[in-house]
Amino acid sequence: MTKKADILLVDDDPDIRDSIKLILEANNYEVRTAPNGKAALEELKKKTPDLMILDIMMNTDTEGFDLAYALKSNPQFQNLPIIILTSFLEKVRAEGPDQFQHILGEEWPAKWLFEKPVDSKKLLAKIEGILGGG
Amino acid sequence: MSIELEGGMTNFPEELERRKRIIAEELKDRTLWFVQLRWWVPPSIVAVTVIAKFLRVEFPTVPLFVVAFLMLAYNVVLYVMGKQITDSPVLDINFIQQYTFWQVGLDYASMFLLIHYTGGAASPLIFFFIFHIIFASILLPPRVAYGFSAISAIGMAIIAGAEYLNIIPHHALYFRGRAINLAEQPFHVMVELAFFTASVFITAFSVTSIMKMLRKRIVDLAELTEKVNDLNNKLQSLYAMVQAIGGALRLEQVLKIVTTELATVMNVKATSVKLLSEDHKTLRYASAFGLPQELVEGKKTIELAKSPLNKRIIEGEPYVTGKVSDRDAFQFGEELAKARIQSVLFVPLIFENKVIGILGAYCEKADRFQKADVEFFQLAGGLIAIALENARAYEEIENLVNERSRFMMRVAHNLRAPLAAMLSILEVVKDGYKGELNDEQKEYLRRVDRRARTMIDLVNELLLLSQSRATNRKPIFEAVDIKFIAGRIERTFQDEARDKGIILKISVPAEPLIIQGNPLGIEQMLENLVSNAIKYTPSGGKVEVSMTQSNSGIKIEVSDTGIGIPKEEKHKLFSEFFRASNAKAIEEIGTGLGLAIVKEIVDQHNGKIMVESEEGLGTIFVIYLPLSQEGNKNENRSEL
């Protein structure tokens, strides 16, 4: 691998950020982190990452979704691969029609979704797959 | 009561018109019936003539046949005109009366001719006049009946007189060659005519007198019938309203049904439900039927200061009626007048002694609303007030449920977040990112990991269960392909089963298995059952899932060759936090919520779950899910 892939990790939980960052870095990725949607946007503007890992519930219940949709409608970022990482997969599924109606009614903003706590081996395999065996 | 009920008494011209119509309806039927009867007269004349000739009664035959032919001819004309009357959508009383006069006139002319040719005053036919007089007495005004009597008497007098004076020829009847010639005995003729005259007048008098009484009864009866119909309609309308209010409908729908129903049954142009604002200064339209759109959809608010009629209701009057021509009484009088509304009736919507709004009716007629309308309207107002309060209470409950749901979601998130973070950090250490660990350290960290994961499962499952119980409302049901879910279950568990040395076999029929249900719920249910089966089946065992379709539903069997459930614990199987003693012995950790969730989901689908188990041999869960939720009351109601 000539150049390290650049991953932006967005999560409001510092321990999640630290631990996943550590695991990713140990596996030869360059990792930037952001604790919320706004900080994430700033990081995105600095440099478009190769991949983004995104939490859903941060300051608001749908901050991650909102960011993902904003990026999808922006030509600069619409091809950015996003992995959603949430501790509320079960909840999103079960309560979808009510709580997240404005989101689930539309096309899903991210192709990949992991439930916390994430199995780091599976996550690494997925990232590797997305970045083309990088 | 501050306002006199205008038009509270019977409206006379209207009433009279109505009575006339009832009689006219009858007259129409009878007068047309007369046309039918008349078809029999010409053949009868011919037949009687032939029989009379056979009995050797002699009289001029040809004129009688001519009269018979004429009767046939004018009856054809009357028949054609009668068709017009039948086909006409409106009842033209004058036309029907004239039509009747023409019938009687033509019949009289024919009668006079027949009598003239069959012996004049001596003719046996003279008593046939009685028929028309009875008919007229029954269905036409009394003076007409007396008129007909007079015409027949005078006509007969003229015929007798003219024949006697030889102004017209006398055609005597001959019986077996002998003339029955009364004309030669003027006194006899006069007496006969006098009695004939008396007979027709007495007939007219008695029948009209009886009819006067009967007619009144007919009208009373018709009125009563109308009143009963009206009451019946009102009752049905009230019933429809009660049903609407009792049904689990949205308030908007209830009010829409109620306003439409009321407008129809009261036969008014428009109805409205207006609600009082918090500050008691304005009203807004909550629902309306038939009112101008700019009033209702424009969301105009009615200011009590500008609307004296509304103000009086809010201040406690039991009802008010008003004329739109009195423009000062209305804030939107112009709009109402433009919609051709002339009179209004307002009653309060009262709940717990407080006026919460106003029910209004609007009519295109002036002074339309009478005592019965007011009473009925107040009744309807009572029902609507209940509906409004129901809706408010329901809304509050819904808010509470939502609040609780949001709270539970937050709690679960906040319980899970530190656990997830903990596990994430643990993984860093456990997987050796911070330096190699010895086996003992690894084993202890594995235990920490397992307990933390159980904790997360517990939070998940508690959340699921509380969600499902917090809302009585069912999740939206859709067509669920159970075969598809079976495929997913197989993929989810095949590795786990293989690793544990268990055969996992899922058999489904060739045809699709579609039911109406909640796909996430059904998948969760199967996940829980299969996961349990694998967990409690020792290596070398077998877990089987089979699905079959019957006429009314789908049967799912999940069987294993596992440890089974102790008989004495079976009854507790589906209760929360229950774990069988032999299960605890194998796997210390478990939430005890898996089967409670399965039960919850089966119930949600109106299904059944049964369990057969033999300790040490295995367990079979049999689930039956109906194909659709039709006939399920709750579901139907929420879809109305």
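Visitor: Whenever I open this one, the packing of aromatic side chains confuses me. Can you help?
Guide: The way to describe two aromatic rings as a pair is by their centre distance and the angle between their planes. Residues and elements named next belong to chain B. Applying the stated criterion to the full structure yields 14 aromatic pairs over all chains. When the ring of Tyr108 is compared with that of Phe112, the centres are 6.2 Å apart and the planes differ by 80 degrees; the resulting orientation is edge-to-face. Placement of the pair is Tyr108 and Phe112 together in helix H4 (residues 93-117), with a separation of 4 residues, close to one helical turn. This pair shows no difference in class: Tyr108 is buried, exactly as Phe112 is. With centroids separated by 5.4 Å and ring planes inclined at 45 degrees, the aromatic side chains of Phe128 and Phe131 adopt a geometry described as tilted. The class of Phe128 is partly exposed, set by a relative accessible area of 40%. Every member of this aromatic cluster is reached through a ring pair, and the members are Phe101, Tyr108, Phe112, Phe127, Phe129, Phe148 and Phe196. In this structure, Lys53 is placed above the aromatic ring of Phe59, and the distance from its NZ or CZ to the ring centre is 4.9 Å. Geometry around Phe346 places Lys274 over its ring, the cationic atom sitting 3.7 Å from the centre.

Visitor: Explain the pairing of strand E4 (residues 270-276) of chain B to me, please; I cannot follow it from the model alone.
Guide: A regular strand carries its side chains on alternate faces of the sheet. Residues and elements named next belong to chain B. Counting buried positions along E4 gives 7 out of 7 residues, so the element sits mostly inside the fold. By the alternation rule, side chains of E4 split into Ala270, Ser272, Lys274 and Leu276 and Thr271, Val273 and Leu275, which are all buried. With 6 bridges connecting them, E4 and strand E9 (residues 354-363) associate as antiparallel partners. Of the residues in E9, the one forming a bridge with Leu275 is Gly357. As defined by bridge partners, E4 adjoins strand E5 (residues 282-289) across 6 bridges and the pair is classed as antiparallel.

Visitor: What should I look at first to understand the side chain of B:Thr100 in this one?
Guide: Residues and elements named next belong to chain B. Along the chain, the position of Thr100 falls in helix H4. Its relative accessible area of 1% is what places Thr100 among the buried residues. What Thr100 contacts, discounting residues up to four positions off in sequence, is Leu27, Thr31, Phe135 and Leu140.

Visitor: It is not clear to me how the packing of H4(B) against helix H5 (residues 129-139) of chain B should be interpreted in this structure. Could you clarify?
Guide: All names here are of chain B. Packing of H4 against H5 brings their axes to within 10 Å, and their N-to-C directions diverge by 165 degrees. Taken together, the axis directions place H4 and H5 in an arrangement best described as roughly antiparallel. Classified by chirality, the crossing of H5 by H4 is left-handed. Each of Thr100, Val104, Asp107, Tyr108, Met111, Phe112 and Ile115 in H4 lies in contact with H5, whose residues at this interface are Phe129, His132, Ile133 and Phe135. Here the contact of H4 with H5 is composed, by residue class, of 8 nonpolar, 2 polar and 1 charged.

Visitor: Quick question: what am I supposed to make of the sheet that holds strand E5 (residues 112-115) of chain A here?
Guide: The strands making up a sheet are joined through hydrogen bonds of the backbone, oriented either antiparallel or parallel. Residue and element names in this part refer to chain A. If you walk across this open sheet you meet the 5 strands as E2-E1-E3-E4-E5, and the pairing is parallel. Two strands lie at the open edges of the sheet, namely strand E2 (30-34) and E5, each paired on one side alone. Taking each pair of neighbouring strands and ignoring which way they run, the sheet shows an average axis angle of 20 degrees. Two elements, strand E1 (residues 6-10) and strand E3 (residues 51-54), share 4 bridges in a ladder whose sense is parallel. Bridge pairing links Leu8 to Met52 in E3. Where helix H3 (residues 63-72) meets the sheet, it contacts E3 and strand E4 (82-86), and its direction lies at approximately 155 degrees from that of E3.

Visitor: Could you clarify how one ought to interpret a nonpolar patch on the surface in this entry?
Guide: Residues B:Val62, B:Val66, B:Phe69, B:Leu70 and B:Leu72 make up a contiguous nonpolar surface patch of roughly 480 Å² in combined accessible area. With respect to the helices, strands and loops of the structure, B:Val62 is situated in helix H3 (residues 61-87).

Visitor: What is the right way to look at the packing of helix H15 (residues 519-535) of chain B against helix H17 (residues 594-604) of chain B in this model?
Guide: A pair of packed helices is captured by two measures, namely the crossing angle of their axes and the spacing between those axes. All names here are of chain B. Running from N to C, H15 and H17 point in directions that differ by 145 degrees, and their axes come no closer than 9 Å. Crossing handedness for the pair H15 and H17: left-handed. Residues Gly521, Ile522, Gln524, Met525, Asn528, Leu529 and Asn532 of H15 form the contact with H17, whose participating residues are Gly594, Leu595, Ile597, Val598, Ile601 and Val602. Classifying every residue of the contact of H15 with H17 by side-chain character gives 8 nonpolar, 5 polar and no charged.

Visitor: Can you walk me through the confidence of the model for chain A in this structure?
Guide: In low-pLDDT regions, the fine details of the predicted coordinates are not to be read closely. On average, residues of chain A carry a pLDDT of 81, and 78% of them reach 70 or more. Confidence over residues 96-105 of chain A falls short of pLDDT 50; this stretch has 21 contacts with residues more than four positions distant or in other chains.

Cut-off values and rules
- Residues numbered from 1 in each chain as written.
- Chains lettered and ligands numbered in written order.
- Predicted model: local features only at pLDDT ≥ 70, side-chain atom pairs only at ≥ 80, totals over all residues.
- Heavy atoms only, no water.
- Phe/Tyr/Trp six-rings, centres within 6.5 Å; stacked < 30°, edge-to-face > 60°.
- Helix = DSSP H or I, 4+ residues; strand = E, 2+ residues; numbered from the N terminus.
- Buried < 20%, exposed > 50% of the residue type's maximum accessible area, 1.4 Å probe, protein only.
- Lys NZ or Arg CZ within 6 Å of the ring centre and 35° of its normal.
- Pairing = 2+ DSSP bridges.
- Contact = heavy atoms within 4.5 Å.
- Axes fitted to C-alpha atoms, helices over the stretch in contact; angles between N-to-C directions.
- Parallel < 35°, antiparallel > 145°, perpendicular 65-115°, else oblique.
- Left-handed = near helix turned anticlockwise from the far one by under 90°.
- Nonpolar A, V, L, I, M, F, W, Y, C, P; charged D, E, K, R; others polar.
- Patch = residues over 30% accessible without salt bridge, like charges linked within 9 Å, V, L, I, M, F, W, Y side chains within 5 Å.
- Areas by Shrake-Rupley, 256 points an atom, 1.4 Å probe, with all protein chains shown as cover.
- Salt bridge = Lys/Arg side-chain N within 4 Å of Asp/Glu carboxyl O.
- pLDDT = per-residue confidence, 0-100.

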